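# Inside the fold
Okay, here's what each chain looks like letter by letter:
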Amino acid sequence: MLDIKIVGGTVHDGSGLPGILADVGIAGDTIETVGDLSSAEAKTTINATGKSVTPGFIDLHTHSDASFLVDPMADSKLTQGVTLEYFGNCGMSFCAPLYGAAKDQLRERLTRGGEGTFDVDWENFDGYLNALEQRGSTINVATQVGHGTVRAAVMGMDNRGPTIDELAHMTRLVEESLDAGALGMSTGLWYAPGSYSLTDEVIALNQPVADRNKLYSSHIRSEADDLCGLFPAHAEAIEIGRRTGGRIQVSHVKAVGPKFWGRGPELLEGFERAIDEGIDLAGDQYPYSWSSTGFSGAMFARWALTGGRDATLDRLQDADLRAKMRVDTEYYISRNHGAVGSVVAHFPPNTDYEGMNLSEIGDEMGCGPAEAALRLYEQSDGSYVLNSMEESDVETIAQWRLMTVCSDGSSLRTTGPLSSGKPHPRSYATNSRHLETFVKARNLLSFEEAIFKMTALGASRLNLTRRGRIVRGMFADVLVFDLDNIKQNNSFTDPHQYSTGMDWVIVNGVTAIANGEVTGSTPGKVIRDFDA
């Protein structure tokens with residue numbers, strides 16, 4: 001007898017091919033059969049007549065490293081149909097490994113306030129994954145080791161290259177993390193301390209990743225006209241693939257600032273040339289023209305962050321250095337359609353500032369927007385949402401054949417510690433917006449293409465052999481919904497609102513959403529292997 005039988009729906013199996021009328025049978029955590037199940041018995045029968053049956057969505061770029069440790073019922077992704085998250089992105093696997101300055105950074109994050117807390121009784125990656133397994137989660141989770149976290153653990157926030165011994169130490173930490181179950185390595189070459197590394201260092205640390213056929217994900221060194229510049233930053237990511245023979249994922253592909261607005265097609269041309277050369281390359285993207293990041297990453301030049309937060313605060317006490325930092329901050333503000341496009345998302349010392357832009361905050365403080373940004377940072381390292389892109393580029397990039405759909409957000413909840421601030425709405429609505437706006441309203445791509453980009457493509461990037469498709473023998477991560485009912489209900493001013501329209505969400509054969517309601521189950525698994 002089957003545990004669950006889904007009957008009468010149109011099955012879109014994740015391949016990108018047109019859907020077919022078929023039933024889906026689930027036994028335990030596995031898809032048992034796809035076909036005519038009219039005579040099969042089942043404990044639960046779901047009537048999917050007039051609806052689509054698809055694989056669960058895979059969010060390939062998130063920052064939910066701590067979400068489920070804070071609250072295993074963090075369900076903002078679940079309600080969009082996401083059944084697997086991949087975090088540890090942008091070089092920041094801030095929960096592991098925890099040595100040296102990396103441990104200090106997590107401690108500072110936990111004492112900052114507003115994001116929830118949890119007990120930490122581990123140092124290495126295996127201990128972290130064990131903690132995730134013990135805590136449980138609404139959806140499946142997988143993670144990667146962050147280059148920035150590893151560098152901080154070994155070298156602190158020093159702006160220099162590693163010694164031979166330090167590089168060997170970092171390599172060991174990467175290898176240990178991969179062997180414990182990290183499915184890849186990420187870099188945040190725009191963020192300190194990753195920005196202090198040279199390409200040769202990244203290549204050396206990525207070689208163990210490539211040797212294990214795992215994924216290298218990169219927040220590239222520049223997405224605008226800073227540091228090396230947008231196109232050289234893409235060339236660096238491609239060169240790392242060329243030198244290591246590894247698999248490359250360019251994170252949240254975008255063109256930032258007035259010098260690069262409108263040049264999205266050029267990025268895609270470069271991707272195609274690299275693929276023609278034989279490099280295994282793809283990208284991911286969130287369907288918004290607004291981005292989000294922390295105060296330090298958004299508004300400070302890399303030189304100003306050398307040595308960590310305390311050193312930056314010391315520099316701010318020097319009038320000459322502060323003036324120089326203010327000039328740099330004015331430049332960063334200009335990339336976001338000005339101060340009105342730089343909106344505070346999270347600021348525990350004064351939540352009244354959340355939702356206000358730097359122009360408004362400057363007026364309240366009696367100073368200019370750049371000085372306001374410095375004063376905010378002096379109180380806490382919060383976060384912004386930033387109007388950094390053009391919608392035409394977002395639409396062009398979304399249509400590329402190997403562009404997965406990602407949130408760059410976190411699993412949150414409308415109540416409790418994960419409901420703080422005014423975060424980017426992508427944490428609650430990325431997949432809903434992609435379907436509702438890009439597929440249904442704008443016809444940028446077909447429904448079948450969208451499902452492929454949200455399911456099988458992401459699974460293939462992670463080399464997962466039993467996720468992302470509705471095929472016999474695959475794990476039973478399955479959605480039932482009507483495209484016409486999918487709705488993003490939140491906004492930048494009111495972000496903590498769940499998406500609606502998912503009738504059924506099944507995770508590992510367990511109903512996590514039934515008849516549109518969250519069941520309270522936590523059937524998610526920590527995925528450490530390609531076939532898990």
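Description of the structure in this document.

## With respect to the overall build of the protein
- Within the protein, the secondary structure is distributed over 17 helices and 23 strands.
- For 532 residues, the compact-globule estimate of 2.2 N^0.38 gives 24 Å, and the C-alpha radius of gyration of the protein, at 22 Å, lies within 12% of that figure.
- On the principal axes, the C-alpha backbone points of the protein span a range of 80 × 50 × 45 Å.
- Contacts in the protein between residues far apart in sequence, at least 24 positions, make up 77% of those at least 6 positions apart.
- When the accessible area of the protein is evaluated, it comes to approximately 18,300 Å², of which 48% is carbon and sulfur surface.

## Considerations on the sheet that holds strand β23 (residues 517-518)
- Taken in spatial order, the seven strands make up an open sheet running β3-β2-β7-β20-β21-β22-β23, and their pairing is mixed. In this open sheet, the two strands that pair with only one neighbour each are β3 (20-21) and β23.
- With two bridges joining them, strand β2 (residues 10-11) and strand β7 (residues 52-55) adopt parallel strand pairing. In the sheet register, Val 11 faces β7, and the bridge partner there is Val 53.
- Together, β7 and β20 (478-481) form the strand contacts of helix α16 (residues 447-454), whose direction differs from that of β7 by roughly 30°.

## Remarks on the packing of helix α4 (residues 147-155) against helix α5 (residues 164-180)
- Axis separation between α4 and α5 bottoms out at 10 Å; the angle between their running directions is 135°. Judged by the inter-axis angle, α4 sits oblique to α5. Every pair of crossing elements has a handedness; the one defined by α4 and α5 is right-handed. Between α4 and α5, the residues in contact are Val 150, Arg 151, Ala 153, Val 154 and Met 155 and Glu 166, His 169, Met 170, Leu 173 and Val 174, respectively.
- Considering only residue class, the contact of α4 with α5 consists of seven nonpolar, one polar and two charged.

## Things to note about the pattern of salt bridges
- Inspection of every chain in the model, using the stated rule, returns 38 salt bridges.
- Between Arg 461 and Asp 280 there is a salt bridge, with its nearest N and O atoms 2.7 Å apart. With Arg 461 in helix α17 (residues 456-461) and Asp 280 in strand β15 (residues 280-285), the pair connects residues that are 181 residues apart, well separated along the chain.
- Among the ionic pairs, Arg 442 bridges to Glu 391, the shortest N-O distance being 2.8 Å. Within this pair, whereas Arg 442 is found in the loop between α15 (426-441) and α16, its partner Glu 391 is found in helix α14 (residues 391-398), the two being separated by 51 residues in sequence.
- For Arg 442, a relative accessible area of 32% corresponds to the partly exposed category.
- Put simply, Asp 200, Glu 239, Arg 242, Arg 243 and Glu 277 are held in one network by salt bridges that share partners.

## Observations regarding the sheet that holds strand β10 (residues 140-143)
- With parallel pairing, the three strands of this open sheet are ordered in space as β8-β9-β10. Among the strands making up the open sheet, the edge pair consists of β8 (57-59) and β10. Ignoring which end each strand starts from, the neighbouring axes of this sheet average 20° apart.
- The sheet contact formed by strand β9 (residues 82-87) and β10 spans four bridges and is parallel. Opposite Glu 85, over in β10, you have Val 141 as the bridge partner.

## Brief notes about α15
- Across its 16 residues, α15 extends only 18 Å between first and last C-alpha, which sits more than 12% below the 22 Å expected from 1.5 Å per residue.
- The principal kink in α15, of about 45°, is found at Ser 432.
- The buried count for α15 comes to 13 of 16 residues, which makes it a mostly enclosed element.
- Just downstream of α15 lies Asn 443, where phi reads positive at about 55°.

## A few points about a negative patch on the surface
- A cluster of acidic residues, Asp 352, Glu 360, Asp 363 and Glu 364, forms a negative patch on the protein surface.
- Turning to its location among the elements, Asp 363 is positioned in helix α12 (residues 358-365).
- When its relative accessible area of 63% is taken as the criterion, Asp 363 is described as exposed.

## Considering the packing of helix α8 (residues 264-277) against α14
- It is the contact of α8 with α14, at a shortest axis distance of 8 Å, that shows an interaxial angle of 25°. Taken together, α8 and α14 sit at an angle that is classed as roughly parallel. In this structure, the crossing between α8 and α14 has a hand that is right-handed. Contacts between α8 and α14 pair Gly 264, Pro 265 and Leu 268 from the former with Asp 393, Thr 396 and Ile 397 from the latter.
- Split by residue class, the contact of α8 with α14 holds three nonpolar, two polar and one charged.

## Considering the nonpolar core
- Phe 57, Trp 122, Tyr 128, Leu 435 and Phe 481 are the most contacted members of the largest nonpolar core, which totals 98 residues.
- Not counting chain neighbours up to four residues away, the residues in contact with Leu 435 comprise Phe 57, Lys 440, Phe 447, Ala 450, Met 454, Phe 481, Leu 483 and Ile 486.
- One finds Cys 90, Tyr 353, Ile 361 and Leu 386 within the second-largest nonpolar core, a separate group that totals 32 residues.

## A short note on the packing of aromatic side chains
- Applying the stated criterion across every chain yields a total of 16 aromatic pairs.
- Three or more aromatic residues link up through ring pairs in this structure, and these residues are Phe 118, Trp 122, Phe 125 and Tyr 128.
- The ring of Phe 94 carries the charged tip of Arg 109 above its face, separated from the ring centre by 3.8 Å.

## Observations concerning the pairing of strand β22 (residues 510-514)
- Direction of pairing for strand β21 (residues 502-507) relative to β22: antiparallel, over a ladder of three bridges. Of the residues in β22, the one forming a bridge with Ile 506 is Thr 511.
- Hairpin connection from β21 to β22: two residues lie between these consecutive antiparallel strands, with Asn 508 at a positive phi of about 55°.
- Sheet analysis places β22 next to β23, joined by two bridges and oriented antiparallel. Residue Ala 514 lies in a different strand from β23, and its bridge partner there is Glu 517.
- The loop that links β22 with its antiparallel partner β23 comprises two residues; one of these, Asn 515, has a positive phi angle of about 55°.

## What to know about unusual backbone geometry
- Following Ala 96, the chain continues to Pro 97 via a peptide bond in cis, the omega torsion being -5°.
- Mapping Pro 97 onto the fold places it in the loop between β9 and α2 (100-112).
- Residue Pro 193 is bonded to the preceding Ala 192 through a cis peptide linkage, with omega at 5°.
- Residue placement: Pro 193 occurs in the loop between β12 (184-188) and α6 (199-211).
- In this structure, Leu 227 takes a positive phi of about 45° despite not being glycine.
- When you line up the elements, Leu 227 lands in the loop between β13 (215-219) and α7 (230-244).
- Notably, Asn 463 is not glycine yet its phi reads approximately 65°, a positive angle.
- Summarising the element assignment, Asn 463 is placed in the loop between α17 and β20.

Rules of the game
- Residues numbered from 1 in each chain as written.
- Predicted model: local features only at pLDDT ≥ 70, side-chain atom pairs only at ≥ 80, totals over all residues.
- Heavy atoms only, no water.
- Helix = DSSP H or I, 4+ residues; strand = E, 2+ residues; numbered from the N terminus.
- Rg over C-alpha atoms; globule rule 2.2 N^0.38 Å.
- Contact = heavy atoms within 4.5 Å.
- Areas by Shrake-Rupley, 256 points an atom, 1.4 Å probe, with all protein chains shown as cover.
- Pairing = 2+ DSSP bridges.
- Axes fitted to C-alpha atoms, helices over the stretch in contact; angles between N-to-C directions.
- Parallel < 35°, antiparallel > 145°, perpendicular 65-115°, else oblique.
- Left-handed = near helix turned anticlockwise from the far one by under 90°.
- Nonpolar A, V, L, I, M, F, W, Y, C, P; charged D, E, K, R; others polar.
- Salt bridge = Lys/Arg side-chain N within 4 Å of Asp/Glu carboxyl O.
- Buried < 20%, exposed > 50% of the residue type's maximum accessible area, 1.4 Å probe, protein only.
- Expected span 1.5 Å × (residues − 1).
- Bend = angle between axes of the 7 residues up to and from the residue.
- Patch = residues over 30% accessible without salt bridge, like charges linked within 9 Å, V, L, I, M, F, W, Y side chains within 5 Å.
- Lys, Arg positive; Asp, Glu negative; His and termini not counted.
- Charge placed at Lys NZ, Arg CZ, Asp CG, Glu CD.
- Core = buried A, V, L, I, M, F, W, Y, C linked by side-chain atoms within 4.5 Å.
- Phe/Tyr/Trp six-rings, centres within 6.5 Å; stacked < 30°, edge-to-face > 60°.
- Lys NZ or Arg CZ within 6 Å of the ring centre and 35° of its normal.

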